[in-house]
Structures are given as structure tokens and as C-alpha cells.
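Chain by chain, the residues:
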Amino acid sequence: MLTLHRKLVRDLGALKGQVAAIAVVIAAGVMTLMIAVTSLDAIRLSMERYYAEHQLADVFASLSRAPEVLAHRLAEIPGVNQLETRVIAPVRLEVPDFADPVRGILLSIPDGRQPLLNRLYLRAGQLPETGRPDQILISEPFAEAHGLQIGDQLRVIIRGRYEDLSIAGIALSPEFVYQVAPTDLLPDYKRFAVMWMNRRALGNAFGMDGAFNNVIASLQAGAEAAPVIERMDRILAPYGGIGAHDRMDLISHRMLIEEIGQLRVMAVVLPGVFLGVSAFLLSVLMGRIVGTQRQQIAVIKAFGYSDRDLAGHYALLTAMIVAIGVALGVALGFWAGDAMAALYAEYFRFPELVSRLQARVVLLAILVSALAAGLGTWRAVSSAIRLPPAEAMRPPAPPQFHQGWVDRSALGRRLAQTTRIILRNLARHPFKSALTVAGISLSASLLLLGHYQFNAVSHVIDLQYRTVLKMDTHVSFIEPTSRRVLSELRALPGVRYAEGYRSVPVRVVNGHRDERTSLLGLPERPALRGLIDRQYQPIELPAEGLFLTRFLADDLGLAVGDPVILEVMEGQRRVLEVPLAGVVDEPIGLSAYMNIEALNRLMREGPAISGAWLLTDSGQRPALYERLWDAPRVAGIGLISEAEDGFRSYLEDTVLAMMAILLLLAGSITFALVYNNARIAFAERARELATLRVLGFSRAQVGWVLIGEIGLLTVLAIPPGWLLGTLFSWLLSLAFDMDMIRVPFRMAHQSFAFAAAGVIAASSVSVVLIAGRLRRLDMVEALKGVE
């Protein structure tokens with residue numbers, strides 16, 4: 001076996017270019033697999049540990065106001081394990097050296113101790129002391145964003161009154177792993193604060209002494225949430241309950257679950273694409289190695305080596321290539337996995353993000369890579385061991401050639417001799433040519449897939465913040481207010497346009513399927529809140545009828561014209577049946593829409609609004625914010641431009657960071673594929689090229705025979721590469737369709753141009769490298785080959 005091992009080393013040296021190319025492809029698959037699985041494990045394990053150790057509640061309910069004695073009835077609901085009432089107050093803050101408006105929420109905790117549920121993780125300081133109404137805890141992201149320390153003072157507006165509060169500690173909560181304002185999708189740590197205060201102090205400040213407006217509960221082992229939620233809703237309905245819900249309607253938990261779902265998709269789709277390409281490459285490489293080593297195989301068998309020895313030799317060659325690729329992929333995956341974990345730690349705030357390279361992940365990468373390599377090389381190895389020595393000693397029988405269309409056509413007769421050689425070779429080896437085109441097409445499809453993600457993410461942001469959200473400021477009120485307030489808003493400095501909306505929490509029901517969301521009442525032709533169809537054209541709201549986002553309508557199994565049940569979770573909690581008048585194609589969120597006048601009628605109220613969107617003069621915004629700050633009915637002020645910056649930053653840090661890595665890998669794979677094909681073609685045709693030189697063809701003419709063939713195959717591969725890349729992009733857009741964010745399938749001309757340019761660039765570099773080999777071609781050695 002020592003002889004075979006020496007041959008293995010020589011083969012690896014002779015094929016170092018092809019080996020490196022295939023190893024890069026395998027490394028790309030292993031790297032993407034490790035990034036996805038490591039990030040998935042980090043988030044999932046950190047979430048499970050944090051929830052378990054800090055007792056995240058299973059059921060949450062908000063209401064207007066209820067006496068504390070009601071807690072006993074709630075605790076007696078079958079299935080409830082622990083129950084805790086609390087007070088939650090929306091507040092506004094003044095932060096030193098920060099001019100923008102800041103909103104937040106204050107949550108009560110038992111005086112001087114940890115709550116039973118949603119226990120806090122103290123990063124610094126201590127809990128507010130009993131009898132200290134001026135002490136609070138603040139969330140760690142908000143403290144870091146403003147550089148706040150223990151003992152610093154904050155001025156907070158609670159129910160229209162200023163309170164000067166001192167920071168006693170900095171904390172994290174399992175309820176706010178993903179800390180986002182109620183009306184936002186992405187964190188804005190500078191402009192949204194989560195704080196905790198002693199129950200008695202907050203009750204007095206918010207007018208909830210001896211009462212509560214929020215309740216949380218954990219479930220007994222084996223208990224289901226639905227019956228508990230139903231009973232809790234019935235008890236809380238007279239007290240302004242707006243519907244209990246489980247963890248899936250908790251925005252922090254929902255974002256975690258959706259991120260886990262995306263990582264699961266990524267762990268399957270992207271490594272599958274890369275490792276599938278590597279299996280194809282290994283199949284081509286091993287098949288051609290066996291074809292060029294027929295004589296060596298015959299000699300090895302003649303010297304008494306068994307079929308098993310020969311199979312082991314080629315299997316070991318494959319294993320060495322896989323080992324190089326896996327080692328490179330594991331190293332890159334470990335580095336990139338740590339970088340991705342650091343990015344996720346910025347948005348998902350755990351006390352500790354459990355990120356470590358687990359042995360099972362490495363074993364999984366090895367197993368998947370070995371399986372792909374085995375599938376790719378099985379046919380070539382089996383053909384090698386079935387080859388009888390006597391047959392292998394003879395050169396393969398030449399195919400029967402005949403005059404083809406190139407020679408018969410008038411165009412063919414006008415072509416140069418070297419060009420006709422190229423076309424004849426492709427026509428006489430259609431299967432080999434098709435394999436080469438398929439390989440280059442795969443690389444083009446990967447480039448197209450990577451560039452599609454960049455364009456798609458940019459398109460989502462532009463669509464949301466240029467076509468859907470046209471305002472720059474969002475003002476929310478403490479409670480529904482008369483529409484006359486719009487006149488007051490329009491009179492404020494810098495306000496160019498003001499548009500009101502009514503927001504009502506509802507449960508949309510169709511049979512056994514339902515979804516909690518907000519029903520937004522808008523003017524018939526909203527100017528600042530765009531409603532768009534599939535062609536991105538504006539939609540007018542009819543006098544009656546309901547509109548849903550398309551994703552929500554499809555999820556509930558609803559079609560235009562179907563009756564929809566609306567369970568209103570506010571006021572008289574009416575159950576209504578309205579027709580579905582249409583669907584809205586917007587990329588973010590799950591929402592319902594209705595003409596604001598129709599919604600006011602359904603709510604049996606006057607012309608009320610819940611908030612307003614403003615279009616303002618940027619130069620007068622400081623004065624505007626100061627006036628809004630002093631308005632007692634204003635609950636919060638949101639800056640849309642800051643939300644856009646945060647959303648863009650989030651996508652760039654997560655989705656686009658991952659896609660940048662994949663695009664870099666796709667570029668490397670493209671070069672690897674094209675160069676690998678060029679090297680194999682050069683090895684197979686070295687005798688033919690040397691013969692042409694002997695017959696008097698110039699070095700440039702001989703070079704054109706090989707380089708022209710590479711260029712022609714590259715050009716032929718680009719259109720099917722576009723088609724395959726479009727298919728991959730469509731499948732990826734389907735796989736990443738989530739409740740909160742959808743990426744519309746939209747192919748841009750730039751993506752096709754980028755894929756073509758990438759393949760042509762890779763071919764050009766390969767041609768330069770092959771041209772150097774052509775100049776160094778040893779004609780005497782090449783002509784010794786057997787024909």
C-alpha cells in the first residue's frame with residue numbers, strides 16, 4: 001500500500017489547483033453550515049436557559065384597571081401555576097445632553113424584592129429599596145446608549161407630572177430580550193427605555209394605588225394556554241381587558257422564534273447548494289482522473305493490487321480533498337460564527353450569549369461533506385475498479401466522427417481552422433461540454449443569489465420608508481382623542497401636514513385560525529400612510545369593508561369577498577363580521593385596515609383618533625418637539641427617519657453581513673469552478689495542443705483553441721446560470737417569508753449583470769493562468785501520451 005500512498009501524494013501535487021478549487025467549494029458549504037448551526041444553537045440555548053432561570057411568564061394580559069382583590073379569582077383559574085399583577089405606565093423621559101424625544105415604559109416590581117415571574121438579571125447596582133419612591137432600575141441597552149451609571153438622575157413624565165428619579169441598578173429582563181417599543185419593529189435604544197419601579201411608588205404616581213392594569217401567569221406542567229386565556233379574558237372583560245395572549249404574541253419572543261426559523265432555513269438551504277456544487281465538481285474531477293489514469297490503473301492491477309485496494313486509493317484521494325475543505329471551512333466557520341454571535345448579542349440581549357463550537361457541529365459538517373463527496377465520486381471509483389487490466393492498457397476506442405454541421409455549413413467554411421476545431425470538439429463531446437456548462441451555470445447562479453439578497457433588502461427598506469411610511473414624525477396619544485386635535489397639530493411650528501389614524505386591538509378570526517393585530521382606521525385616500533397593491537400602486541379605502549396584508553389573509557385562508565370575524569379587544573369588546581374588501585402588499589408586519597369613519601361607527605364613538613402622523617420642516621423640529629413634549633395628551637413621539645436608520649442598520653448587521661460572506665464565497669467558488677474546468681481541459685488536450693504546434697500552428701493559434709473553447713462555454717453557461725439563480729432566489733424568498741418581514745421576489749437587471757460579470761472575470765483570470773501553462777507546454781513530454 002506504500003506505493004499507492006506515494007501515488008496519492010504525487011496526484012495531490014499534480015492536481016493541486018483542482019484540489020484547492022474543490023476544497024474552497026467544500027469549505028464554503030461547511031462554513032455556511034457552521035455559521036447557521038452555531039448561531040442557531042447560541043440563540044436557542046441562550047433563550048431556553050434565560051427563560052428557565054428567570055421564570056418568563058406563559059400568559060400575559062393588559063386591561064384598563066382592576067382592583068387587587070381580583071387577583072385571587074385569576075389565580076384560581078385551572079392550569080395557572082403562579083400569577084402576579086403589576087402596573088405598567090407609558091412615560092416620557094428627559095435624558096441629559098440628548099435633545100430628541102425619548103419614550104419608555106415603567107413596570108412595577110414588588111417593593112424591595114424580585115418578582116415571582118419575569119425575574120430580573122441585575123447587571124449592576126441593586127433593586128430599588130423599600131420606601132424609596134425615587135429609585136428605578138433601567139435596562140442595560142438604554143444605559144449603554146446614553147452612558148448612564150448608578151446614581152444618575154432622570155426626569156420622567158408620568159401621567160403628565162414630572163418625577164425626578166435616581167438609577168439604583170441596571171438590569172435585563174427575559175420579557176425584553178428584544179427591546180423594542182410597542183409600535184416599532186426594531187430596537188432604538190436611545191429613544192426607548194424600559195424601567196422598573198417599586199409597586200407602591202408606581203401605583204401612586206400612575207393612579208393605580210390598590211389596583212393593577214397588567215397580569216402575568218405561568219402554567220402548570222402539561223396545562224394548555226388556550227383555556228387559561230379564555231377564562232382570563234372573561235374575568236377581565238368588565239375591567240377593560242384587551243385580550244390575554246401567550247408568548248407567541250410577545251414581540252420579543254416572536255422575534256426570537258422567527259430568527260430561529262430563518263437560521264434553520266439557512267442551515268439547510270445554503271450549505272445544500274454549496275455542497276451540492278462540490279459533489280458535482282468531485283464527480284467531474286474523479287471521472288476525468290480515472291479517464292486519464294487508465295494505464296496506471298492497469299499497471300496497479302497487474303501488480304496484484306485488488307479492487308478493494310484501488311477503491312480505497314481513490315476514496316482516500318477524495319477524503320484528502322474533503323479533509324482540506326472541512327478543515328478550512330471549520331476554521332472560517334469558527335471565526336465567522338463568533339462574529340455573527342457578537343452581532344446577534346447587540347440585538348438580542350441575554351445575560352450571556354451561549355456561543356461555543358460544539359463537537360456535534362463539526363461532526364455534522366464532516367458527515368454532510370463526506371456524504372456529498374461520496375455521492376459525487378461513487379460512479380467514478382466504481383468504474384475504475386471494474387476496468388479489466390488488459391482493457392485499461394489499451395487507449396479508449398476513438399469515437400466515430402463524421403462531418404458535422406460546422407463543416408457542412410457555409411458559415412463554418414468561412415471560420416478559421418482553429419475556431420472550427422473548437423466547435424467540432426464541443427459538438428463531438430456533448431456530454432462533457434454539458435457538464436462544463438452546468439458547472440459554470442451553478443457558479444453564476446450563486447453569484448446571482450448573493451446579489452439578489454442585497455437588492456431585495458434594499459428594496460424592502462425603500463418600499464417601507466418611501467412608499468408606505470411617508471411621514472417623518474409619529475405622535476401617539478394616551479387615549480383616543482377627538483379628530484379636532486389635528487387642527488392644533490397643524491398649527492404647531494414646522495408642521496406641513498398632519499394625518500390622524502385610529503388604532504384598535506383586534507383578533508382576526510376565520511374558522512379555527514386567528515391572529516392578534518391592530519386594526520388601523522385611515523382616511524379614504526391616506527397621504528402619509530401608503531397602502532399599496534402588488535404593482536406598488538396606491539389603494540383607496542372604500543366606505544365599508546376590511547383590508548388585510550396579503551400574508552395575513554393567506555395565513556388565515558381568506559379571499560376577497562369572504563366574511564371575516566373581528567373580535568374587538570377594546571371598549572365594549574364587540575364581535576363583528578365584516579367582508580374582506582381587498583389585500584395590501586406591504587413587506588413588514590401583519591396589519592388590518594379600514595376607513596376611519598367606518599371604524600368609528602363600528603366602535604360606536606365619535607370622530608376619534610389614536611395618534612397622528614406628521615410631515616414636518618426639519619429646521620423647526622426642535623421647537624416642534626418641545627411643544628409636543630409639553631402636551632399632556634401625548635404618550636410618545638416617534639421619529640420615522642431614526643426608525644429607518646435602525647432598520648437599515650439591523651439588516652446590514654445581520655442579513656447583509658451574512659450575504660456579504662456568501663457573496664465572497666460565491667465569487668471564490670466561481671473562480672474555483674472555471675479554473676478547475678480549464679485545468680482539466682488543458683490536461684486532457686495537452687497532446688492535441690502539442691500536435692498542433694508541431695504541425696506549424698503559432699502559439700497564439702494553439703492558445704485560441706483552448707482559450708476560445710473556455711470563453712465559448714462561459715458565454716453559453718450564463719443564460720442557464722441566470723435561470724437557475726432566479727429559481728434559487730425565488731425559493732429563498734419563499735423560505736424566508738416570515739410574519740414580521742417578507743422579502744418580495746424582485747429580480748433587478750443589476751443582479752443579472754453582476755452574475756455575468758463575475759463569471760466572465762473568473763474566466764478571464766483562469767485564461768491568464770492557463771495561458772502561462774500553454775507557454776510552458778513541453779511538447780516532447782505531451783506527445784509521449786497514448787492515443
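Please read these numbers as outputs of a predicted model, since none were measured by experiment.

Visitor: Would you take a moment to explain the nonpolar core for this structure?
Guide: It is characteristic of soluble globular proteins that their nonpolar side chains tend to be buried jointly. Core analysis: the biggest nonpolar cluster contains 57 residues, and L256, F348, F350, L522 and Y593 have the highest contact counts within it. Elements with a minimum of two residues in this core: α2 (16-53), α7 (251-292), α9 (307-347), α15 (430-468), β14 (513-522) and α20 (640-653).

Visitor: Looking at this structure, I do not really get the packing of α2 against α9. What am I missing?
Guide: Two quantities define a packed helix pair, namely the angle between the helix axes and the distance between the axes. Interhelical geometry of α2 versus α9 gives an angle of 35° and a closest axis separation of 6 Å. The interaxial crossing formed by α2 with α9 has right-handed handedness. For the contact of α2 with α9, the class distribution of residues is 21 nonpolar, 5 polar and no charged.

Visitor: Would you mind showing me how to read the sheet that holds strand β2 (residues 80-86) here?
Guide: Remark on secondary structure: sheet strands pair via backbone hydrogen bonds, oriented parallel or antiparallel. The strand order across the open sheet built from 4 strands is β2-β10-β1-β11, with neighbouring strands paired in antiparallel fashion. The open sheet has two edge strands with one neighbour each: β2 and β11 (245-246). Direction of pairing for β2 relative to strand β10 (residues 211-219): antiparallel, over a ladder of 6 bridges. Bridge assignment links L83 to a residue of β10, and that residue is A217.

Visitor: How do you make sense of the packing of aromatic side chains when you look at a structure like this?
Guide: Think of a pair of aromatic rings as described by two things: how far the centres are apart, and how the planes are tilted against each other in angle. Taken as a whole and assessed by the stated rule, the structure comprises 4 aromatic pairs. Ring centres of Y50 and F350 lie 6.1 Å apart, and the angle between their planes is 70°; this geometry places the pair in the edge-to-face category. Of the two residues, Y50 is situated in helix α2 and F350 in the loop between α9 and α10 (359-385); the sequence distance between them amounts to 300 residues. No difference in accessibility class separates Y50 from F350, as the two residues are buried. Their ring planes at 85° and their centres at 5.7 Å tell us that W722 and F752 sit as a pair that is edge-to-face. Separated by 30 residues along the polypeptide, W722 in helix α23 (residues 699-735) and F752 in helix α24 (residues 749-775) bring together distant segments of the chain. Lying across the ring of Y162, R155 places its NZ or CZ 4.1 Å from the centre.

Visitor: When you look at a nonpolar patch on the surface in this model, what are you seeing that I'm missing?
Guide: Taken together, the side chains of L727, W730, L731, L734 and F745 make up a nonpolar region of the molecular surface, amounting to roughly 460 Å² of accessible area. Mapped onto the elements of the fold, L734 is located in helix α23. Residue class for L734 comes out partly exposed when judged on its relative accessible area of 46%.

Visitor: What is the right way to look at the pairing of strand β18 (residues 592-595) in this model?
Guide: The two faces of a sheet get side chains in turn, since along a regular strand they alternate between them. What you see with β18 is no split at all: A592 and M594 on one side and Y593 and N595 on the other are buried throughout. Here β14 pairs with β18 via 4 bridges, running parallel. Following the sheet pairing, G521 is matched in β18 by M594. Bridge analysis of strand β15 (residues 546-549) against β18 gives 2 bridges, and the strand direction is antiparallel. Residue pairing for β18: L548 is matched across the bridge by A592.

Visitor: Looking at this structure, I do not really get the side chain of E499. What am I missing?
Guide: Examined against the element boundaries, E499 turns out to sit in strand β13 (residues 495-510). Buried charge without a partner: E499 forms no salt bridge, and the closest opposite charge is R490, 7.6 Å away. Within the structure, the side chain of E499 is placed 2.6 Å from the backbone nitrogen of A527, a separation counted as a polar contact. At a separation of 3.2 Å, a polar atom in the side chain of E499 contacts the main-chain amide nitrogen of L528. Excluding anything up to four places from it in sequence, E499 contacts L486, P523, R525, P526, A527, L528, R529, G611, A612 and W613.

Visitor: Help me understand the environment of V156, please; the structure alone is not making it clear to me.
Guide: Residue placement: V156 occurs in strand β7 (residues 153-158). Taking the C-alpha atoms as reference points, V156 and L93, 63 residues apart in sequence, are found 4.5 Å from one another. Apart from the residues within four sequence positions on either side, V156 is in contact with V91, R92, L93, R161, Y162, E163 and L165.

Visitor: Help me understand the pattern of salt bridges in this model?
Guide: Pairing is possible between side chains that carry opposite charge, provided their charged atoms lie close to one another. Inspection of every chain in the model, using the stated rule, returns 25 salt bridges. Two residues, R155 and D164, come together in a salt bridge whose shortest N-O distance is 3.6 Å. Look at R155 and you get partly exposed, because its relative accessible area is 36%. Given a relative accessible area of 52%, D164 falls into the exposed group. Through salt bridges with shared partners, one network takes in R123, E140, E144 and R349.

Visitor: What should I look at first to understand the side chain of H54 in this one?
Guide: Mapped onto the elements of the fold, H54 is located in the loop between α2 and β1 (59-67). Apart from the residues lying within four places of it in its own chain, the contact partners of H54 are L117, N118, R119, L120, Y121 and P174.

Visitor: In this structure, what is going on with helix α1 (residues 2-14)? I would like to understand it.
Guide: Helical geometry: 3.6 residues make up each α-helical turn, so side chains three or four residues apart lie on a common side. The end-to-end C-alpha separation of α1 is 18 Å, in line with the 18 Å expected for 13 residues at 1.5 Å each. Among all positions in α1, only L4, K7, L8, D11 and L12 are buried. Along the axis of α1, the buried positions cluster into a sector of 140°, meaning they face one direction only. Opposite the buried face of α1, at more than 90 degrees from it, the exposed residues are L2, V9, R10 and A14.

Visitor: So what exactly am I meant to see when it comes to the packing of α1 against α9 here?
Guide: Running from amino to carboxyl end, α1 crosses α9 at an angle of 35°, the nearest separation of the two axes being 10 Å. The interaxial crossing formed by α1 with α9 has right-handed handedness. In contact with L4, H5, K7, L8, D11 and L12 of α1, α9 contributes D309, H313, Y314, L316, L317 and M320. Of the residues contributing to the contact of α1 with α9, the split by class is 7 nonpolar, 2 polar and 3 charged.

Visitor: Explain the pairing of strand β8 (residues 161-172) to me, please; I cannot follow it from the model alone.
Guide: As defined by bridge partners, strand β5 (residues 121-125) adjoins β8 across 4 bridges and the pair is classed as antiparallel. Bridge pairing in β8 places L122 opposite A171. The sheet contact formed by strand β6 (residues 135-139) and β8 spans 5 bridges and is parallel. Bridge pairing in β8 places L137 opposite G169. Across 6 bridges, the pairing between β7 and β8 is antiparallel. Paired with I158 across the two strands is R161, which belongs to β8.

Visitor: When you look at the environment of I109 in this model, what are you seeing that I'm missing?
Guide: Of note, I109 is situated in strand β4 (residues 102-109). Owing to a relative accessible area of 2%, I109 belongs among the buried residues under this scheme. Among all residues touching I109, those that are not within four sequence positions of it are P115, L120, L127, P128, L137, W196, M197, N198 and R199.

About the cut-offs
Residues numbered from 1 in each chain as written. Predicted model: local features only at pLDDT ≥ 70, side-chain atom pairs only at ≥ 80, totals over all residues. Heavy atoms only, no water. Core = buried A, V, L, I, M, F, W, Y, C linked by side-chain atoms within 4.5 Å. Buried < 20%, exposed > 50% of the residue type's maximum accessible area, 1.4 Å probe, protein only. Helix = DSSP H or I, 4+ residues; strand = E, 2+ residues; numbered from the N terminus. Axes fitted to C-alpha atoms, helices over the stretch in contact; angles between N-to-C directions. Left-handed = near helix turned anticlockwise from the far one by under 90°. Nonpolar A, V, L, I, M, F, W, Y, C, P; charged D, E, K, R; others polar. Pairing = 2+ DSSP bridges. Phe/Tyr/Trp six-rings, centres within 6.5 Å; stacked < 30°, edge-to-face > 60°. Lys NZ or Arg CZ within 6 Å of the ring centre and 35° of its normal. Patch = residues over 30% accessible without salt bridge, like charges linked within 9 Å, V, L, I, M, F, W, Y side chains within 5 Å. Areas by Shrake-Rupley, 256 points an atom, 1.4 Å probe, with all protein chains shown as cover. Salt bridge = Lys/Arg side-chain N within 4 Å of Asp/Glu carboxyl O. Lys, Arg positive; Asp, Glu negative; His and termini not counted. Polar contact = N/O pair within 3.5 Å; in protein donor to acceptor, adjacent residues only side chain to side chain. Contact = heavy atoms within 4.5 Å. Expected span 1.5 Å × (residues − 1). Arc of directions from axis to C-beta.

On their own, these measurements won't tell you what the molecule is for.
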